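Listed below, chain by chain, are the residues.
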Amino acid sequence: MNRRSIFRMTLLGAFGAATLYAGTVSAQEAYKIGIISPMSGANARYGAFANKGANLAAKEINAAGGVMGRKIEFVSGDSQCVPAEGVSATKRMVSFDKLPVIIGDICSSVTLAMQPLVEEANVLLVNAASSNPMITYKAGVGGFKWTFRNYPTDESRAAIVLEHAVKNRGLKSFAVLSVDSDYGRGAINFTKKYLPRFPEAKILSEDYYKDSETDFRPVLSKIRSSGAQAILMYGLADTTPIIARQMLELGLAGKVMLVGNAEFNTAKTIAAAPTVLNGSIEAAAWLPEWTSARSQKFVEEYKKAYGGEMPNNHAYTHWETTHLIAAAIKSAGSLKNEDIRNALAKIKYDSAMGPTSFDDHNQAILPMVLLEVADGKPVIKSAIASKVDYPK
């Protein structure tokens with residue numbers, strides 16, 4: 001063999017090695033997913049939980065080989081729960097980061113503002129926490145084919161809670177004290193929609209609070225004077241303990257129940273005023289006490305990953321939604337956006353809450369947990385599937 005032949009073989013070997021190395025790098029390139037949530041402002045707590053849950057899921061998926069041989073990596077955006085900020089984050093992810101999938105937002109007003117942008121860009125938006133029914137009224141056959149929601153709606157929640165409160169607990173007179181937001185006002189509007197089903201039930205007063213409010217004594221005094229049996233509250237988790245303590249001060253413990261959804265069932269909220277929280281009624285997308293093996297495994301792994309912190313609802317739904325997206329990619333056998341979207345529309349997914357599928361509005365049909373607080377602990381009463389009745 002002459003020196004020229006040896007040189008040629010050396011070059012070929014080097015080229016082959018370089019090609020193999022490039023192929024390995026390409027196979028390991030991350031599959032990036034956007035996650036938009038409030039990371040600052042009054043709702044930052046929820047965004048922190050959402051990101052922790054999603055990142056735990058990504059770690060689990062990556063440990064099992066990733067998606068189509070690629071690791072999942074998140075690109076985060078801070079919506080501040082403000083539509084303009086959410087739009088800005090979405091535009092960056094669509095135009096600059098070129099992301100194929102976005103999970104977002106927690107706040108319904110932000111998600112509604114994001115929908116036209118992802119639709120125009122053919123980017124898949126999978127919502128894991130917004131509950132305004134309008135999101136999926138306008139999705140799927142409603143128009144926005146790139147929007148999916150893996151979360152129950154306010155309408156379903158309001159109907160479930162009201163029926164249980166009136167029929168099973170015998171409550172007939174209600175006062176409203178909810179957060180002044182699309183979520184808080186929307187949930188009360190849906191409660192009013194279903195109120196005529198129960199002629200014996202009525203709303204005596206209606207009040208809404210701002211994110212920053214801390215003194216509820218005047219409105220609670222009014223509610224005490226009205227004779228209401230229960231407060232309809234769809235609000236903020238950090239505000240509920242404040243209201244509960246002030247209800248205790250005013251002698252409302254055991255006399256006026258809390259009904260709705262504002263994390264009545266968490267240890268922190270119950271500890272603030274146990275006698276006030278006893279008897280409260282709530283419908284939740286998930287809670288740590290849910291007994292399925294998959295749910296209990298999630299709680300165990302989350303606490304292990306985050307120093308013993310107990311996950312909340314948003315941590316769970318973002319964890320589960322990340323796994324759902326990975327399952328859709330596996331089902332599609334492809335990383336093409338349209339293939340993933342089509343797979344998601346047809347998927348039959350076993351979540352920690354039970355079997356999950358999507359209707360023709362791209363709304364997940366999945367159970368909600370109905371619970372009451374008894375003796376300082378949340379007690380699961382039943383799990384009820386939340387199916388939306390769309391406007392004709």
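Quick caveat: nothing in here was measured; it's all calculated off a predicted structure.

Caption draft 1: A look at unusual backbone geometry. Residue Gly104 is joined to Asp105 through a cis peptide bond whose omega torsion reads -20 degrees. By secondary structure assignment, the location of Asp105 is in the loop between β3 (101–104) and α4 (108–121). A positive phi angle, near 60 degrees, is found at Gln80, a position not held by glycine. Even without glycine at this site, Lys98 takes up a positive phi of about 55 degrees.

Caption draft 2: Up close: the sheet that holds β3. Pairing in this open sheet of five strands is parallel, and the strands run β2-β1-β3-β4-β5 from one edge to the other. For this open sheet the edge positions go to β2 (72–78) and β5 (147–149), each flanked by a neighbour on one side alone. Sheet twist, expressed as the average angle between the axes of neighbouring strands with direction ignored, equals 25 degrees. When β3 meets strand β4 (residues 124–127), the two strands line up parallel, connected through three bridges. Its bridge partner lying in β4, Val101 is registered against Leu124. Strands in contact with helix α2 (residues 44–63) are β1 (31–37) and β2; relative to β2, the strand with the most contacts, it is inclined by about 170 degrees. In the packing of helix α13 (residues 313–332) onto the sheet, contacts are made with β1, β2, β3 and β4, and the angle to β3 comes to roughly 160 degrees.

Caption draft 3: Seen up close, the pairing of β1. In terms of residue burial, β1 counts as a mostly covered element, since six of its seven residues are buried. In this view, the connection linking β1 to its parallel neighbour β2 by way of α2 has right-handed handedness. The pairing of β1 with β3 spans three bridges and is parallel. Across the sheet, the residue bridging to Ile35 is Ile103, located in β3.

Caption draft 4: Quick peek at the pattern of salt bridges. Per the counting criterion, the structure on display carries 19 salt bridges. With a closest N to O distance of 2.6 Å, Glu320 and Arg294 form a salt bridge. Taken together, the residues Glu320 in helix α13 and Arg294 in helix α12 (residues 293–305) connect sequence positions 26 residues apart. Judged by relative accessible area, Glu320 falls into the buried class, the value being 2%. According to the relative accessible area criterion, Arg294 is partly exposed, its value standing at 30%. A single salt-bridge network, built from bridges that share partners, covers Arg45, Asp238, Glu263 and Lys268.

Caption draft 5: Local environment of the packing of α12 against α13. Direction vectors running N to C along α12 and α13 enclose 110 degrees, while the axes themselves pass 11 Å from each other. By the criterion of interaxial angle, the relationship of α12 to α13 is roughly perpendicular. Contact residues: α12 offers Arg294, Phe298 and Tyr302, while α13 offers Ala315, Tyr316, Trp319, Glu320 and His323. Partitioning the contact of α12 with α13 into residue classes produces five nonpolar, one polar and two charged.

Caption draft 6: Main features of the packing of aromatic side chains. Counted under the stated rule, the structure contains 11 aromatic pairs. Taken together, a centroid distance of 5.4 Å and an interplanar angle of 85 degrees make the contact between Tyr209 and Phe216 edge-to-face. Among the residues examined, Tyr209 registers a relative accessible area of 1% and is labelled buried. In this structure Phe216 comes out as buried when scored by relative accessible area, which is 1%.

Caption draft 7: Geometry of the side chain of Thr90. With respect to the helices and strands, Thr90 occurs in helix α3 (residues 83–96). Using a relative accessible area of 0% as the deciding quantity, one classes Thr90 as buried. Here the side chain of Thr90 touches Gly86 through a polar contact of 2.7 Å, landing on its backbone oxygen.

Caption draft 8: Seen up close, α4. Compared with the 20 Å implied by 1.5 Å per residue over 14 residues, the 20 Å span of α4 between its first and last C-alpha is a close match. At Met114, α4 shows its maximal kink, close to 30 degrees; a proline, Pro116, follows between one and four residues later. Within α4, burial applies to Ser108, Val110, Thr111, Leu112, Met114, Gln115, Val118 and Glu119. The elements touched by buried residues of α4 are β1, α3, β3, β4, α5 (134–137) and β5. Note on α4: the residue one or two positions beyond its end, Asn122, has a positive phi of about 55 degrees.

Caption draft 9: The arrangement of the environment of Val176 in detail. Mapped onto the fold, Val176 is located in strand β6 (residues 173–179). On the basis of relative accessible area, Val176 is assigned to the buried category, the value being 0%. Leaving out residues up to four positions away in the same chain, Val176 has contacts with Ile188, Ile203, Ser205, Glu206, Asp207, Tyr208 and Leu232.

Caption draft 10: Broad picture of the state of the cysteines. By the definition in use, this model includes one disulfide. Here Cys81 engages in a disulfide with Cys107; their sulfurs sit 1.8 Å apart. The S-S bond linking Cys81 to Cys107 shows a torsion near -115 degrees; that makes this disulfide left-handed. Residue Cys81 is located in the loop between β2 and α3, and its partner Cys107 is located in the loop between β3 and α4; the two are separated by 26 residues in the primary sequence. On the basis of relative accessible area, Cys81 is assigned to the partly exposed category, the value being 22%. We classify Cys107 as buried; its relative accessible area is 8%.

Quick notes on the rules
Residues numbered from 1 in each chain as written. Predicted model: local features only at pLDDT ≥ 70, side-chain atom pairs only at ≥ 80, totals over all residues. Heavy atoms only, no water. Helix = DSSP H or I, 4+ residues; strand = E, 2+ residues; numbered from the N terminus. Pairing = 2+ DSSP bridges. Axes fitted to C-alpha atoms, helices over the stretch in contact; angles between N-to-C directions. Contact = heavy atoms within 4.5 Å. Buried < 20%, exposed > 50% of the residue type's maximum accessible area, 1.4 Å probe, protein only. Right-handed = clockwise from strand over helix to strand, strands pointing away. Salt bridge = Lys/Arg side-chain N within 4 Å of Asp/Glu carboxyl O. Parallel < 35°, antiparallel > 145°, perpendicular 65-115°, else oblique. Nonpolar A, V, L, I, M, F, W, Y, C, P; charged D, E, K, R; others polar. Phe/Tyr/Trp six-rings, centres within 6.5 Å; stacked < 30°, edge-to-face > 60°. Polar contact = N/O pair within 3.5 Å; in protein donor to acceptor, adjacent residues only side chain to side chain. Expected span 1.5 Å × (residues − 1). Bend = angle between axes of the 7 residues up to and from the residue. Disulfide = S-S within 2.5 Å.

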